[in-house]
Amino acid sequence: MKHPTPASPARRGSARTATLLLGILVGLNQPHPARAAEEFQNWHGFNWRIHQTTNFDASAYGEVRYRDDFSQLFQSLLSPRLTWKVLPNLDLGLNYTWFANRTKTGEFADTHRLEAEINPHVKIADWLEFHNRNRLETYWADGVNGERCRSRNRLQFTVPLKGFAPLESIYCNNEFWYEFYRSDYTVNRAVPVGLNFHVTGHTHVAVFFMIQSSKQLTGHWDQAHILGTTLSF
């Protein structure tokens, strides 16, 4: 029986370096936990690659989100997406997202979003990749007059792995939301660890742990601990 090739000391050191980078990134931008109300959630999504060429991708993304130990579906979304590989290290994206959120009355309120993205990425070394998703969203929500805008910036480090199949890579990221109508930084999403697995063929699955901090209008922060999966095919 063939045994996986053990990771070299250099590669293990590289993984530790990437984890340290993310830890610093998360620590610098995590809101003060002492004032946070906490809950646990589960998010599960899929990414369907509908059509792919050398420079253009068309895909559909969907997600459902549960809280209270899977007892309550409180958010869902569906998003057709177009990606243009304009340069080897730069992608442009255009998306439409329908988003449904359960309100305090138990009913679902719809939000419609148009999203434009500028996403640079670079291979820093054989063992480390950097991705920066920059998204501008214009959205229309039930019960809100007119449109609103926000920016979302996500910084991600990925460490590719060899000899650990089906595990392909580990990653960590941190995302910042800025609401223009509030002139404020309102959401921080930190993923201390995420794992990418190859299932078969073009099918992959990601498993991640996220800490989401959301700033309320009162100025207090609510915090959610999220276990999520994303199936790509």
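Below or above, wherever it landed, is the structure these notes cover. Counting restarts for each chain: residues are numbered from 1 in the order of the written sequence. Confidence filtering applies because this is a predicted model: local features only for residues at pLDDT of at least 70, side-chain atom pairs given and counted only at 80 or more, and all residues used for totals across whole chains, interfaces and linings. The side-chain quantities take in all heavy atoms of the structure and omit both hydrogens and water.

1. Notes on a nonpolar patch on the surface
- A cluster of nonpolar side chains, Phe 46, Trp 48, Ile 50, Leu 78, Tyr 96, Trp 98, Leu 114, Trp 140, Leu 231 and Phe 233, forms an exposed patch at the surface whose accessible area comes to about 900 Å².
- In DSSP terms, a helix is any run of H or I states spanning at least four residues, a strand is any run of E spanning at least two, and both are numbered starting from the N terminus. Of all the secondary-structure elements, those providing two or more residues to the nonpolar patch are β1 (37–52) and β4 (90–102).
- Counting residues per element, the nonpolar patch draws most heavily on β1, which supplies three residues.
- Within the secondary structure, Leu 114 sits in strand β5 (residues 108–125).
- Burial classes follow relative accessibility: with a 1.4 Å probe on protein chains only, a residue under 20% of its type's maximum area counts as buried, one over 50% as exposed, and anything between as partly exposed. Here Leu 114 falls in the partly exposed class, since its relative accessible area comes to 46%. Patches in this entry comprise residues that are over 30% relatively accessible and not in a salt bridge; like charges within 9 Å are linked, as are nonpolar side chains (Val, Leu, Ile, Met, Phe, Trp, Tyr) within 5 Å. Using a 1.4 Å probe, the Shrake-Rupley method yields the accessible areas, and only the shown protein chains count as cover for residues. Each reported salt bridge corresponds to a side-chain nitrogen of Lys or Arg within 4 Å of a carboxyl oxygen of Asp or Glu.

2. Re the nonpolar core
- Listed in full, the nine residues of the largest apolar core are Trp 43, Phe 74, Tyr 171, Val 191, Ala 206, Phe 208, Met 210, Ala 224 and Ile 226.
- Among the elements of the structure, β10 (203–215) and β11 (221–232) are those that each provide at least two residues to this core.
- Take this core: its biggest share by element is three residues, from β10.
- Residues count as neighbours in contact if any of their non-hydrogen atoms are within 4.5 Å of one another. If we ignore the near neighbours within four places in the chain, the residues touching Met 210 are Trp 43, Arg 189, Ala 190, Val 191, Ala 224, His 225 and Ile 226.
- Definition of nonpolar core: a set of buried residues of the types Ala, Val, Leu, Ile, Met, Phe, Trp, Tyr and Cys, connected through side-chain atoms within 4.5 Å. Grouped together as the second largest cluster of nonpolar side chains are seven residues, Leu 128, Phe 157, Val 159 and Cys 172 included.

3. Digging into unusual backbone geometry
- The omega torsion of the bond from Ala 165 to Pro 166 falls at 10°, within 30 degrees of zero and hence cis.
- Tracing the sequence through the fold places Pro 166 in the loop between β7 (148–160) and β8 (167–179).
- Its identity is not glycine, yet Ser 183 carries a phi of approximately 50°, on the positive side.
- Within the secondary structure, Ser 183 sits in the loop between β8 and β9 (184–200).

4. Looking at the pairing of β10
- Strand pairing is assigned whenever DSSP identifies at least 2 bridges connecting the two strands. The sheet contact formed by β9 and β10 spans eleven bridges and is antiparallel. Across the sheet, Arg 189 pairs through a bridge with Gln 212, a residue of β10.
- Here β9 folds back onto β10, and the loop between the two strands holds two residues, one of which, Gly 201, carries a positive phi near 55°.
- Sheet topology note: the β10/β11 ladder contains twelve bridges and is antiparallel. Bridged to Ala 206 within β11 is Thr 230.
- Counting the residues between successive antiparallel strands, the hairpin from β10 to β11 contains five residues, one of them, Gly 219, with a positive phi of roughly 100°.

5. Considering the side chain of Arg 113
- With respect to the element layout, Arg 113 can be found in strand β5.
- Look past the residues within four positions of Arg 113 in its chain and what remains in contact with it is Asn 95, Tyr 96, Thr 97, Phe 99, Arg 135, Glu 137, Thr 138, Tyr 139, Arg 150 and Arg 152.

6. A look at the environment of Ile 211
- With respect to the secondary-structure elements, Ile 211 resides in strand β10.
- You can call Ile 211 buried: its relative accessible area is 16%.
- The spacing of Ile 211 and Val 191 is 20 residues in sequence and 6.4 Å in space, taken between C-alpha atoms.

7. What about the environment of Arg 182?
- With respect to the helices, strands and loops of the structure, Arg 182 is situated in the loop between β8 and β9.
- Taking C-alpha positions, Arg 182 is 9.9 Å from Arg 148, a pair spaced 34 residues apart along the chain.
- Other than its neighbours up to four places away in sequence, Arg 182 contacts Lys 215, Gln 216 and Leu 217.
- Among the polar contacts listed, one links the side chain of Arg 182 to the backbone oxygen of Gln 216, at a separation of 3.5 Å. Here a polar contact is recorded for every N or O atom pair within 3.5 Å, except that within protein the pair must consist of a potential hydrogen donor and a potential acceptor, and residues adjacent in sequence are included only if both atoms are side-chain atoms.

8. A look at the pattern of salt bridges
- Within this structure, the stated rule accounts for 13 salt bridges.
- For the salt bridge of Glu 137 with Arg 135, the shortest nitrogen-to-oxygen distance reads 3.3 Å.
- Accessibility expressed as a relative area gives 0% for Glu 137, which makes it buried.
- On the accessibility criterion, Arg 135 (5% relative accessible area) is buried.

9. Here we look at the packing of aromatic side chains
- The criterion for an aromatic pair is that two Phe, Tyr or Trp rings (for Trp, the six-membered ring) have centres within 6.5 Å, with stacked assigned to planes under 30 degrees apart, edge-to-face to planes over 60 apart and tilted to the rest. In the structure shown here, the tally under the stated rule is six aromatic pairs.
- Residues Phe 130 and Phe 157 carry aromatic rings whose centres are separated by 5.4 Å and whose planes lie at 50° to one another, so their mutual orientation is tilted. Residue Phe 130 is located in strand β6 (residues 128–141), and its partner Phe 157 is located in strand β7; the two are separated by 27 residues in the primary sequence.
- Here the aromatic cluster, defined as three or more aromatic residues joined through ring pairs, consists of Phe 176, Tyr 185 and Trp 221.
- Whether a charge sits over a ring depends on NZ of Lys or CZ of Arg being within 6 Å of the ring centre and within 35 degrees of the ring normal. The residue whose ring lies beneath Arg 65 is Trp 43, and the NZ or CZ to ring-centre distance is 3.9 Å.

Function cannot be read off these values alone, since they describe shape.
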